[in-house]
Amino acid sequence: MVQFIPMNMNKKAFALSIVLWIVAALLVGVAALTVFSKDSVHLSEKLNNKLLTQLKVENILESLKFYIITADYDNNSLINKTLISFPKKLIVDGRWYNIDKTTKISIHDTSGLLNIRTYPTKYIASMITTDKQKQIRYTIIDSIADWRDKNHIVELNGAEQSTYKLKKGLKYKVRNTMAIQDVEELKLIHGIDKLEQKQWNKFKKYLYYGRTSSINLALLDKKNISFLLGISQSYAQTLVNIRKDDINEFKQIISKLPKYNDDLMSFGLSKQFRIEIQATINNAKTILTTIIDFKQARNKQYTTIEYMIK
């Protein structure tokens, strides 16, 4: 016996299915909107944190400028008790100081750095390599010489234009002048370009390009002192230990060494600083690096030479 379902019940069942599909679609839409909103909130939070870190490093730099301008100083430090948030004494050899839980600063007087415009090639090559990399050291010395000289005669371990073009397939040319223009230019030179990035980054922090100043022996580490004065690193370390306790005794000993040159070497600050400021909030990080000359000129309290924020 066939049982007939009333027409109105069929309509109700069809309407119910439509409603259920609509509800399901709305739920999917709400879920998608929730996910999208959540991602937007996270993105907005990250962007806000990034902006906050940028504002923070810029504010710290302005405070630091005031600190430096109003500070007293000795052979290797800035001394200022006016700003509570900063240390009363900042040793300007590149070490890091925590300003608060999210921010730290590093200041390096350029008299304690290697100026690529004037620093001897053999010292650059020795500083950039280890004792186990003597062949690379010789390659760097000769390649820098070839990079600077005007002839096309290749030094024993060097590289002229043919090396870069044929063996390396590079499009840039050898400079053929003494004036290397930037720290990063060194990384293009044969030998140095073979160094691991980690080794290069470690060395690069000791380099700068800018106004020439005498080399401040009160800021140099044992390796630099060893190379400059032609003494062993163990003796250089002994001198560094003496320097910590008695700077005057350190000066007296240094000034009697055969390779000490008072025209090139000193025990005072240049007051030209390479400054790095880092601020971190959650996963957002901003790094500000700058070189500022605080020697007054033409009624200017300071001159910004380089500035980069990322």
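Keep in mind that what you see is a predicted model, and the values were worked out from it rather than measured.

*Asks:* Just to check I follow, could you spell out the sheet that holds strand E2 (residues 77-79) for this structure?
*Replies:* Sheet strands line up and pair through hydrogen bonds in the backbone, either parallel or antiparallel. The strand order across the open sheet built from 3 strands is E1-E2-E3, with neighbouring strands paired in antiparallel fashion. For this open sheet the edge positions go to strand E1 (72-73) and strand E3 (89-91), each flanked by a neighbour on one side alone. As defined by bridge partners, E1 adjoins E2 across 2 bridges and the pair is classed as antiparallel. Bridging across to E2, Tyr-73 finds its partner in Leu-78.

*Asks:* Please clarify how the sheet that holds strand E5 (residues 103-109) should be interpreted in this entry.
*Replies:* Taken in spatial order, the 5 strands line up as E4-E5-E10-E11-E12 in an open sheet, and their pairing is antiparallel. Either end of the sheet is taken by a strand with one partner, and the two such strands are strand E4 (93-98) and strand E12 (303-309). Sheet twist, expressed as the mean angle between neighbouring strand axes with direction ignored, is 15°. Inspection of the sheet shows E5 paired to strand E10 (residues 272-281) by 7 bridges, in the antiparallel sense. Residue pairing across strands places Ile-107 opposite Ile-275, the latter belonging to E10.

*Asks:* Quick question: what am I supposed to make of the packing of aromatic side chains here?
*Replies:* Any two aromatic rings considered together are summarised by their centre-to-centre distance and by the angle between their planes. Tallying each qualifying case throughout the model produces 9 aromatic pairs. Where Trp-200 meets Phe-203, the ring centres are 6.2 Å apart and the plane angle is 55°; that geometry is what we call tilted. With Trp-200 and Phe-203 both in helix H5 (residues 197-204) and 3 residues apart, the pair spans about one turn of that helix. Each member of the pair, Trp-200 together with Phe-203, is buried. Taken together, a centroid distance of 5.7 Å and an interplanar angle of 45° make the contact between Phe-294 and Tyr-302 tilted. Using a relative accessible area of 6% as the deciding quantity, one classes Phe-294 as buried. Site record: aromatic cluster; members linked through ring pairs are Trp-147, Tyr-164 and Tyr-172.

*Asks:* Would you take a moment to explain the nonpolar core for this structure?
*Replies:* Soluble, globular proteins show a tendency: their nonpolar side chains are buried together. Ranked by size, the top nonpolar core spans 39 residues in total, and within it Leu-186, Ile-192 and Leu-228 carry the most contacts. Listed by contribution, the elements that provide at least two residues to this core are helix H2 (121-128), helix H3 (134-148), H5, helix H6 (222-229), helix H7 (233-245) and helix H8 (247-255). Here this core gets 5 residues from one element, more than from any other, and that element is H2. In contact with Ile-192, not counting residues within four places along its chain, are Ile-128, Ile-140, Ile-144, Leu-186, Lys-187 and Trp-200. Judged by nonpolar contacts, the second largest core, of 25 residues, contains Ile-60, Leu-61, Tyr-97 and Leu-288.

*Asks:* Help me understand the pattern of salt bridges, please; the structure alone is not making it clear to me.
*Replies:* Pairs may arise between side chains of opposite charge once their charged atoms sit close together. Overall, the coordinates contain 6 salt bridges when judged by the stated rule. Between Asp-74 and Lys-89 there is a salt bridge, and its shortest N-O distance comes to 3.7 Å. Taken together, the residues span a long stretch of sequence, with Asp-74 in the loop between E1 and E2 and Lys-89 in strand E3 at a distance of 15 residues.

*Asks:* Can you walk me through the side chain of Asp-146 in this structure?
*Replies:* On the secondary structure map, Asp-146 appears in helix H3. Polar side-chain contacts of Asp-146 include one of 2.9 Å to the backbone nitrogen of Ala-159. Non-local contacts of Asp-146, meaning those with residues more than four positions away in its chain, are made with Ile-153, Val-154, Glu-155, Gly-158, Ala-159, Glu-160, Val-174 and Asn-176.

*Asks:* Help me understand unusual backbone geometry in this model?
*Replies:* Working note: non-glycine residues mostly have negative phi, and peptide bonds are mostly trans. Within the chain, Asn-176 stands out as a residue other than glycine whose phi angle is a positive 60°. As for its position among the elements, Asn-176 is in the loop between helix H4 (161-167) and H5. Unusually for a residue other than glycine, Lys-271 sits at a positive phi of about 65°. Summarising the element assignment, Lys-271 is placed in the loop between strand E9 (265-266) and E10.

*Asks:* Would you explain the pairing of E4 in this entry?
*Replies:* A regular strand places its side chains on the two faces of the sheet in alternate fashion. Both E4 and E5 contribute to a ladder of 4 bridges, which runs antiparallel. Counted as the bridge partner of Asp-93 is His-108 from E5. If you look at the hairpin formed by E4 and E5, you'll find 4 residues sitting between the two strands.

*Asks:* Can you walk me through the side chain of Lys-187 in this structure?
*Replies:* Relative to the helices and strands, Lys-187 is located in the loop between H4 and H5. Not counting the four nearest positions on each side in its chain, Lys-187 is found in contact with Ile-192, Asp-193, Leu-195, Gln-197 and Trp-200.

*Asks:* Explain a nonpolar patch on the surface to me, please; I cannot follow it from the model alone.
*Replies:* Taken together, the side chains of Ile-18, Ile-22 and Leu-26 present a nonpolar region at the surface, about 280 Å² in accessible area. Looking at the secondary structure, you find Leu-26 in helix H1 (residues 7-69).

What counts and what doesn't
- Residues numbered from 1 in each chain as written.
- Predicted model: local features only at pLDDT ≥ 70, side-chain atom pairs only at ≥ 80, totals over all residues.
- Heavy atoms only, no water.
- Pairing = 2+ DSSP bridges.
- Helix = DSSP H or I, 4+ residues; strand = E, 2+ residues; numbered from the N terminus.
- Axes fitted to C-alpha atoms, helices over the stretch in contact; angles between N-to-C directions.
- Phe/Tyr/Trp six-rings, centres within 6.5 Å; stacked < 30°, edge-to-face > 60°.
- Buried < 20%, exposed > 50% of the residue type's maximum accessible area, 1.4 Å probe, protein only.
- Core = buried A, V, L, I, M, F, W, Y, C linked by side-chain atoms within 4.5 Å.
- Contact = heavy atoms within 4.5 Å.
- Salt bridge = Lys/Arg side-chain N within 4 Å of Asp/Glu carboxyl O.
- Polar contact = N/O pair within 3.5 Å; in protein donor to acceptor, adjacent residues only side chain to side chain.
- Patch = residues over 30% accessible without salt bridge, like charges linked within 9 Å, V, L, I, M, F, W, Y side chains within 5 Å.
- Areas by Shrake-Rupley, 256 points an atom, 1.4 Å probe, with all protein chains shown as cover.

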